[in-house]
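Chains, contacts and geometry: an overview
Chain by chain, the residues run as shown.
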Amino acid sequence: MSGAVSNSLEGPDGGRPGWVAVLALWTNNLMVIGITKGLGIMLPILQIQLTSQMWIIGWIASLTTATSGFVAPFGGLVSRRFGAGYVMMTCGVMMSAAAIAGSFVENSLQLALLYTLLAGTAKGISNVVAKEAVGRCFTKNYATASGIARTGYSVGLIVFAPLVQLFLDTYGWRGTMLLVGAITMHSVASGAVMVATRQPELDQSNAYQTLPQTEHTNSPSAHESTLRSHCGSLWKFVSKNFEVGLLLNSRYWLVAVISCCTIYAYLMWIVYFVSQAQSNGFTLEEAGSFVTIAGIANLFGKISQGLITDRGVMSSWTLVAVCLVMSSVSYLASSLLTSYWPMMTSAVLILFSDGVLSCQTDVLVKQVLGVELLAGAFGWIGLKVTLLLVALGFLPGLVYDLTGSYTAAFLLIGSVQAVPLVPLLMLRYSQR
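What counts as what
In every chain, residue numbers begin from 1 and rise along the written sequence. Note on the predicted model: pLDDT of at least 70 is required for a residue's local features to be given, and 80 or more for side-chain atom pairs to be given and counted; whole-chain, interface and lining totals, by contrast, use all residues. Water and hydrogen atoms were dropped before computing side-chain values, which therefore reflect all heavy atoms in the structure. Labels follow the DSSP assignment, with helices taken as runs of H or I lasting at least four residues and strands as runs of E lasting at least two, numbered in each case from the N terminus. Expected span of a helix: the number of residues minus one, times 1.5 Å. Burial classes: relative accessible area under 20% of the type maximum marks a residue as buried, over 50% as exposed, and values in between as partly exposed (1.4 Å probe, protein chains only). The arc refers to the directions leading from the helix axis to the C-beta atoms. Here, two residues are considered to be in contact whenever any of their heavy atoms come within 4.5 Å of each other. Ring geometry is summarised as follows: Phe, Tyr and Trp rings, the Trp one being its six-membered ring, pair when their centres sit within 6.5 Å, and such pairs are stacked at plane angles under 30 degrees, edge-to-face over 60 and tilted between the two. Working rule: Lys NZ or Arg CZ, within 6 Å of ring centre, within 35 degrees of ring normal, means a charge sits over the ring.

The terminal C-alpha atoms of helix H5 (residues 84-102) lie 27 Å apart, and with 19 residues this matches the ideal 27 Å at 1.5 Å per residue to within 8%. Among all positions in H5, only Ala84, Gly85, Val87, Met88, Cys91, Gly92, Met95, Ser96, Ala98, Ala99 and Gly102 are buried. Buried residues along H5 cover an arc of 165° about the axis, so they all sit on one side. For H5, the elements touching its buried residues are helix H1 (15-41), helix H4 (75-82), helix H6 (108-137), helix H7 (142-184) and helix H8 (186-196).

Written as structure tokens, this is what we have:
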């Protein structure tokens, strides 16, 4: 990954290195869902077997996600030091080890330490590294590549829920964790393929790479010069990416607002939608059908957005604006809907829009900041999303407790989703 190669490896659509990076990101997304979704499905049985409380086991999943956000800004640094392929392999081993070792735990504290320190760290680092690898390889078809890679999340949601339940019924929770850990080892294989596939070289003016291989010399001045050059490259990389993360880059701030608000609104919908649908008079089965059909729409949105923008049907700016308006209106209306098909339409529009926005925000990051700041931007956005969830994740629930209705809560979520329209317009006209 860190070796210098000719530009011919990139090709108009990323070439072989690009599609290998897409495979690695798709596999990583799939395995991350397997780890987190598997833990969620096992919550009731883990509560009994570990003689713990439900909120403690649920908190472990939240801590895992929080840890991934806190370590994300370091993803670009370790990628440039060791190479993306080797980092992906290491992260795959860490995620797998968390699940396998988790099958031997005797209490919730041991499980929390394993998942937060191993799975959480691996999740945060691998996500940044794989996304940067895809962004570095693709230019013309970046939206399509990003959409295909993100379908790993959707496939994971569809596959792992029944699979983990089957494992639980057949092998118990300890056997299930062993099997989930074994499946997660596929991330190691995808990282190994990245190592075997030469990747496009980094821009030496902005990148931090390993020391070049030079002939041995006893000259102190040569060693001093090499060390000075090495430290200079490291300092350039760190300073540029910390400049991005500390909001000294105004364009990054605008992109971060778009990403953070979109992710926050989507996660709040995931948490509260079923309860909100039931409060509107729908049964649990009907609420489940809304989520299932909307999940398919989310998958379709991720695939179709690349075809729309990469083929020139609509610009990224226009598509993002349309989806922001569409999803905001749907959030605002969903708390007032009491009929089956209008509620189904609302859920479909929300998750279809999220599928588009989750990919197109990555495209905007690359368009606005450039390829050399991708790792820093993705990492710092992950950290800011984590801080936002920690600070305001409880707010819709608090509004419901105070008002006794989800109307005000979903008005809040819809308003948050509409906020990115302002920075989007500012970015659009600043680019002209």
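Before going further, it helps to examine helix H12 (residues 316-334). In this model H12 runs 26 Å from its N-terminal to its C-terminal C-alpha over 19 residues, within 8% of the 27 Å that 1.5 Å per residue would give. Listed in full, the buried residues belonging to H12 are Ser316, Trp317, Leu319, Val320, Cys323, Leu324, Ser327, Ser328, Ser330, Tyr331 and Ser334. On an axial view of H12, the arc spanned by its buried residues comes to 165°, and they lie on one face. Summarising the contacts, the buried residues of H12 are in contact with helix H10 (250-279), helix H11 (284-310), helix H13 (340-369), helix H16 (407-418) and helix H17 (421-430).

Turning next to the packing of aromatic side chains. Taken as a whole, this structure holds 11 aromatic pairs when the rule is applied. With a centroid separation of 5.0 Å and an interplanar angle of 80°, the aromatic rings of Trp19 and Phe138 are classed as edge-to-face. Here Phe138 lies in the loop between H6 and H7 and Trp19 lies in helix H1, a separation of 119 residues in the sequence. Summarising the aromatic geometry, the rings of Tyr406 and Phe410 are spaced 6.3 Å apart at their centres and angled 80° between planes, so their arrangement reads as edge-to-face. Overall, Tyr406 belongs to the buried group, its relative accessible area being 8%. Aromatic rings pair up to connect Trp269, Phe273, Phe282, Phe290, Tyr340 and Trp341 into one cluster. Here the basic side chain of Arg81 rests over the ring of Phe82, its NZ or CZ set 5.2 Å away from the ring centre. Lys131 extends its terminal NZ or CZ atom over the ring of Phe378, reaching a point 4.2 Å from the ring centre.

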